[in-house]
Amino acid sequence: MTDVSTQPDPVATSDDDVAGSGGLVGALRSMEVDTRLIGMLGALAIIWISFHIWSGGTFLTPRNLWNLSVQTSAVAIMATGMVLIIVSRNIDLSVGSMLAVVGMAMALLQAEILPDIIGFDHPMTWIIALVLGIALGAALGAFQGAIIAYIGVPSFIVTLGGLLVWRGVAWWMASGRTIAPMDSSFQLLGGGSRGTIGGFLSWVVAVVASVGFVVLLINGRRTRQRYGFAMRPLWADATIGVIGVGVVLGAVGYLNRYFLPPLLARQRAEQEGLVWPEGGLDIPLGLANPVLIAIVVALIMTFISTRISFGRYVFAIGGNPEAAELGGIKTRLTTVKTFALMGALVGVAAAVQIARLNAAVSGLGQLTELYVIAAAVIGGTSLAGGIGTIPGAVLGALVMQSLQSGMVLVGIDAPLQDIAVGVVLVVAVAIDTFYRRGST
Amino acid sequence: MAVDRTGTPLVELRDIRVAFGGVHAVDGVTIDLYPGEVVALVGGNGAGKTTLIKTLSGAHKCDSGQIYINGEPVSITTPRDAKQYAIETIYQTLALAENIDATANMFLGRELKTSFRTLDDSAMESAAREVMGRLNPKFLNFKVPVNSLSGGQRQSVAIARAVHFNARILIMDEPTAALGPAETAQVTELIKQLKAEGIGIFLISHDIHDVFDLADRISVMLQGKLVGTVNKNDVTKDDVLGMIIIGKLPGEVSSTELEALHE
C-alpha cells in the first residue's frame, strides 16, 4: 500500500462495513476485539491447562489461582506504568531499585519515625506512610524524567544510573538492616488471610464491575448513534457483554471457593460470634487487597492512556516525536509526567510488597525491573514506541507469573525456570513481530 | 482577481537571519503576505525556504529579525505561539503520528474535551468527518492508524488539520510532492478556495508550473538570500528560472547568461 489513491482503499471497509467476512475471524472483527489480546488469552489458557495436567491437578485450584493473583499484583501495577514509558520511546531500568528505596522509606516511616511522633500503631500510620511513599516515588521518577527531558540524557543511561544509585541509597538508608514489622493496618495492603475483602464484598465488586461493563457498552452505542456513526451489530455487543460479565462473575465465583484453613476459620468465626458447626465452616477469603489495588490501578491507567489528552500525547510522542512537538505538545513536560507516574506506581507496588513481606530489606525488588519490562513487552508493548495497551501488560504480568508459579509447582529447578522465562520472552516478541508484519 | 495590497500586510517577515553553526541558512530575508494572496517561495535545494518558513511556524527560532502580524510585532518561539496567531502549517514530512488515527492526528495538541476534561472522541470524529467531507469525500478511514493510509490520504489528513482550525495564514511546504495528478488538482482547487476566503498562503514548491498556476507573487531564494520578489504577471517562467539558478532579477540577466541557461 504505497500509492493507491485511485484504487479502492483496502482498509476502507474496516471502518464502516462492519459485517466483515464469515467465520470466527469475521465474528471477531465484527466485535472489534483486539486479536492480539485474544491470542494472549489463548496462550495463557494453554499455560494454565498444561501446568494443571503436569502438576496432577493442582494448578487450577482456587487456592493456587488466588495465590497467583496476589503474586502477580506488584509486577502488574508497575507494568501498567512501564507501558507508557516504553510507548514514549523510553525505558525505565530503575524501578526495582526505586522499589527498594520507596519500600525502605515507607518501612522506616511506620516502624521508626511515625511511632515517635504520633504513637505506636496509630490508625493514621498506614495512610501517611502510603501517601508519602507514593509521593516519594513520583518525585524520584520526576527527577529522572527531568534529566531525560530537559538535559537530553537517554533514558536508558539515566535509569541505568538510577538502578545503581537507588540500590545503594536503599542500603544506606538503614545500613542494610531489615526493617520490620509493618503497621498492622498497613499489612492489610499485602493480602494474607486478613488482607482480603471476604466473599460477600467480592461478589459486590463482581456485580459492580459487570454493571459498569454493560453501562460502558450501552454508552458507547448511544454515542455512536448520536453522531450517526456505524455501530457494531447488536449481536456482537451482546456477545461481548455476556462474555465479559461471565468472565468477571466466573472468576470471582471460582476464587471465592478458596476458604480459610480450618484453624483460621474457627478463629474468625469466634471473633464474629458465629456458631461453629460440626463439619466446620467454609469462609471464603475473597479477593485479596493487592489484587483489588492492581485492578483499580489498571482501570485508572487505562483511563489515563485512552481517555485523556496526556495519554494521547504519550502515544503521539512515541509515534512521531517531531510531529508531536510541531503539533504544539509540550513533549518534555509529558516525559517528566510519564516518569513521575511510573514512580508513583512503584510507590504503590512497594507498599504491596513490604506489606506482604511484613518487612523491608535493601535487596527488595532486585531484578524486578526486568520482569516489569518483560510483562509490558509480552503484553504487546513495542520497544520501538507508539504501541502498547494496559490490559495487555496486565496479562503479560499474569503470563510471567503463571509460568514461574507453575514451574515451582511442578518442581523445575531454578536455573531451568530462568531459561524457560527467557525463552518465552523472546518467543512471545518474535510471534508478535510476525503478527505485526502480517497486519501492515 | 487582483490582490489588494494597499493595507497592512497580514504577515511580514523582516530581515530574518538563521545560522546553523557558521552557515547562514537564512540571511537577512524580508517577505510579506496580504490577505487572500498566495506567495510562492521558490529556490533550489538548500536555498533556505523551509528554514525561513519554520521561523514563522514556530519550529525554529530566528537569530535576528522581526515578525509582524497585521503590523504588530510578535514573538513566535514555539508551534503553540504560531497556532495562537492562526498560523497553520502543512509540513513536507506531513508531521503525523503514524500510530494514531486520522482524527487524533487532526486534533493533536488541540483535543476536544467533554465537560469532565476527558477526550471527546466522538465529537472529534464528527468534526473530522465534516472537514474531510469538504476536502476529500472519499476519505472514510477515521479510526485506523495513519500508517495504514496511502500517501494521498495522509496528505488529506495533514491538510484537513490545517484547515479545520480556521487558519488565517497557511504555510504549505511542497503540498503536492507526494500526490498523484487527481489529488494535485484537488489541492490546487483547495488553495483557490482558501484564497477566496481571504486566507494568506505561503506556498513552497519545486514545481514551477504549480507556482505559476497558483501564486500571485513569487519570492525567489538562493543560498539563504532573497533574490527578489516578483509579480507573477510581470514575469515569464524563464525569468523565474533565471532567478532561481543565476540569482539575478530578470532585467539584470545578461544575454550570455540566459543562453547558458538553455544549453
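None of these values were measured; they are calculated from a predicted model. (Residues numbered from 1 in each chain as written. Chains lettered and ligands numbered in written order. Predicted model: local features only at pLDDT ≥ 70, side-chain atom pairs only at ≥ 80, totals over all residues. Heavy atoms only, no water.)

> Can you walk me through the interface of chain B and chain A in this structure?
Quite often, the size of an interface is put as the accessible area lost when its parts meet. In this complex, chain B contributes 40 residues to the contact, which on the side of chain A involves 34 residues. Summing the contributions of chain B and of chain A, the shared interface buries around 3,200 Å²; its carbon and sulfur component is 54%. Three residues stand out in chain B for area buried against chain A, namely B:Arg80, B:Asn99 and B:Leu119, and they jointly supply 17% of the buried area on that side. Seen at the junction of chain B and chain A, the total is 3 salt bridges. A:Arg307 is the partner of B:Asp121 in a salt bridge, and the nearest nitrogen-oxygen pair spans 3.0 Å. Where chain B packs against chain A, one counts 10 residue pairs in polar contact (both at pLDDT 80 or more). Counting residues per element, the side of chain B that touches chain A draws most heavily on helix α4 (residues 121-135) of chain B, which supplies 7 residues. Split into classes, the residues belonging to the side of chain B that touches chain A amount to 16 nonpolar, 10 polar and 14 charged. (Contact = heavy atoms within 4.5 Å. Buried area = accessible area lost by both parts, 1.4 Å probe. Salt bridge = Lys/Arg side-chain N within 4 Å of Asp/Glu carboxyl O. Polar contact = N/O pair within 3.5 Å; in protein donor to acceptor, adjacent residues only side chain to side chain. Helix = DSSP H or I, 4+ residues; strand = E, 2+ residues; numbered from the N terminus. Nonpolar A, V, L, I, M, F, W, Y, C, P; charged D, E, K, R; others polar.)

> Just checking my understanding: could you explain the domain arrangement of chain A for this structure?
Residue and element names in this part refer to chain A. As assigned here, chain A comprises domain 1 (57-195 + 288-440) and domain 2 (197-287). Between the C-alpha centres of domain 1 and domain 2 there is a distance of 26 Å. Each partner contributes residues to the interface: domain 1 has 12 residues there, and domain 2 has 12 residues. The three residues of domain 1 that bury the most area against domain 2 are Pro62, Trp66 and Ser193, which together make up 48% of that side's buried surface. At the boundary of domain 1 with domain 2, the tally comes to 0 salt bridges. (Domains from an automatic or database assignment.)

> In this structure, what is going on with the sheet that holds strand β7 (residues 169-173) of chain B? I would like to understand it.
Hydrogen bonds between backbone groups are what pair the strands of a sheet, and the pairing can be parallel or antiparallel. Residue and element names in this part refer to chain B. Here 6 strands make up an open sheet; going across it, the order is β6-β7-β8-β3-β9-β10 and the pairing mixed. The open sheet is flanked by β6 (87-90) and β10 (225-231), the only strands paired with a single partner. When the angles between neighbouring strand axes are averaged without regard to direction, this sheet yields 15°. In this structure, strand β9 (residues 217-222) lies alongside β10, joined through 6 bridges in antiparallel fashion. Bridging from a neighbouring strand, Leu222 pairs with Lys225 of β10. With respect to the sheet, helix α5 (residues 151-164) is in contact with β6 and β7, its orientation differing from that of β6 by roughly 175°. The strands touched by helix α6 (residues 181-196) are β3 (38-42), β7 and β8 (200-204); relative to β8, the strand with the most contacts, the crossing angle is about 150°. (Pairing = 2+ DSSP bridges. Axes fitted to C-alpha atoms, helices over the stretch in contact; angles between N-to-C directions.)

> Could you clarify how one ought to interpret the packing of helix α4 (residues 62-87) of chain A against helix α11 (residues 289-307) of chain A in this entry?
Angle between the axes and distance between the axes are the two parameters that describe a pair of packed helices. Residues and elements named next belong to chain A. Put simply, α4 and α11 touch, their axes get as near as 8 Å, and they point 15° apart. Taken as axis vectors, α4 and α11 run roughly parallel relative to one another. Classified by chirality, the crossing of α11 by α4 is left-handed. Where α4 abuts α11, its residues Ser69, Val70, Ser73, Ile77, Thr80, Gly81 and Leu84 lie against Pro290, Val291, Ile293, Ala294, Val297, Ala298, Met301, Ile304 and Ser305. (Parallel < 35°, antiparallel > 145°, perpendicular 65-115°, else oblique. Left-handed = near helix turned anticlockwise from the far one by under 90°.)

> Would you mind going over the pattern of salt bridges with me for this structure?
Counted according to the given criterion, the structure contains 18 salt bridges over all chains. Taking the shortest distance from any N to any O, the salt bridge between A:Arg224 and B:Glu125 comes out at 4.0 Å. Pair noted here: A:Arg224 is in helix α8 (residues 198-226) and B:Glu125 is in helix α4, and the two residues belong to different chains. Taken as a pair, A:Arg224 and B:Glu125 share a single burial class, namely buried. With a closest N to O distance of 4.0 Å, A:Arg266 and A:Glu270 form a salt bridge. You can see A:Arg266 and its partner A:Glu270 sitting in helix α10 (residues 262-271), 4 residues apart, about one turn around the helix. The class for A:Glu270 is exposed, based on a relative accessible area of 57%. Each member of the salt-bridge network shares a partner with another, and the members are B:Arg5, B:Asp32, B:Glu37 and B:Arg217. (Buried < 20%, exposed > 50% of the residue type's maximum accessible area, 1.4 Å probe, protein only.)

> I tried to follow the sheet that holds strand β2 (residues 23-33) of chain B on my own but got confused; where do I start?
Residue and element names in this part refer to chain B. Strand order in the open sheet made by the 4 strands is β2-β1-β4-β5, with antiparallel pairing throughout. Strands at the two margins of the open sheet, each flanked by one partner only, are β2 and β5 (72-74). With direction set aside, neighbouring strand axes in the sheet form an average angle of 30°. The strands touched by helix α1 (residues 49-57) within the sheet are β1 (11-20), β2 and β4 (64-69), with β1 carrying the most contacts at an inclination of about 120°.

> How should I be thinking about the nonpolar core in this particular structure?
Most often, soluble globular proteins have nonpolar side chains that are buried together. Counting residues in each nonpolar core, the largest one holds 75 residues, and the members touching the most others are A:Ile77, A:Met78, A:Met82, A:Leu84, A:Phe186, A:Met301 and A:Ile354. The residues touching A:Leu84, leaving out its near neighbours within four places in the chain, are A:Met301, A:Ile304, A:Ser305, A:Phe310, A:Val314, A:Phe315, A:Thr338 and A:Leu341. Core analysis: the next-biggest nonpolar cluster, separate from the first, contains 51 residues, B:Met124, B:Leu203, B:Ala215 and B:Met243 among them. (Core = buried A, V, L, I, M, F, W, Y, C linked by side-chain atoms within 4.5 Å.)

> What is the right way to look at the packing of aromatic side chains in this model?
Here the distance between the centres and the angle between the planes together describe a pair of aromatic rings. Residue and element names in this part refer to chain A. Evaluation of the coordinates by the stated rule reveals 7 aromatic pairs over all chains. Ring geometry for Phe51 against Phe59: centres 5.7 Å apart, planes inclined by 25°, an arrangement best described as stacked. Judged by its relative accessible area of 6%, Phe51 falls in the buried class. The buried category is assigned to Phe59, whose relative accessible area is 0%. When the centroid spacing of 5.6 Å and the interplanar angle of 20° are considered together, the rings of Tyr227 and Phe229 count as stacked. Looking at Tyr227, the relative accessible area reads 26%, which means it is partly exposed. Accessibility expressed as a relative area gives 8% for Phe229, which makes it buried. (Phe/Tyr/Trp six-rings, centres within 6.5 Å; stacked < 30°, edge-to-face > 60°.)

> How do you make sense of the confidence of the model for chain B when you look at a structure like this?
In regions of low pLDDT, the predicted coordinates are not meant to be interpreted in detail. The share of residues in chain B with pLDDT of 70 or more is 98%, and the mean pLDDT across the chain is 89. At the low end of the mean pLDDT range in chain B sits helix α9 (residues 255-262) of chain B, at 72; at the high end sits β5(B), at 95. (pLDDT = per-residue confidence, 0-100.)

> Help me understand the pairing of β7(B) in this model?
Along any regular strand the residues' side chains alternate between the sheet's two faces. Residue and element names in this part refer to chain B. Taken across its 5 residues, β7 has 5 buried, putting it largely inside the fold. Covered by surrounding structure in β7 are Ile169, Ile171 and Asp173 together with Leu170 and Met172, the residues of both alternating faces. Pairing geometry for β6 and β7, over 4 bridges, is parallel. Along β7, the bridge assignment pairs Thr89 with Ile171. Where β7 meets β8, 5 bridges bridge the pair, whose relative direction is parallel. Bridged to Asp173 within β8 is Ile204.

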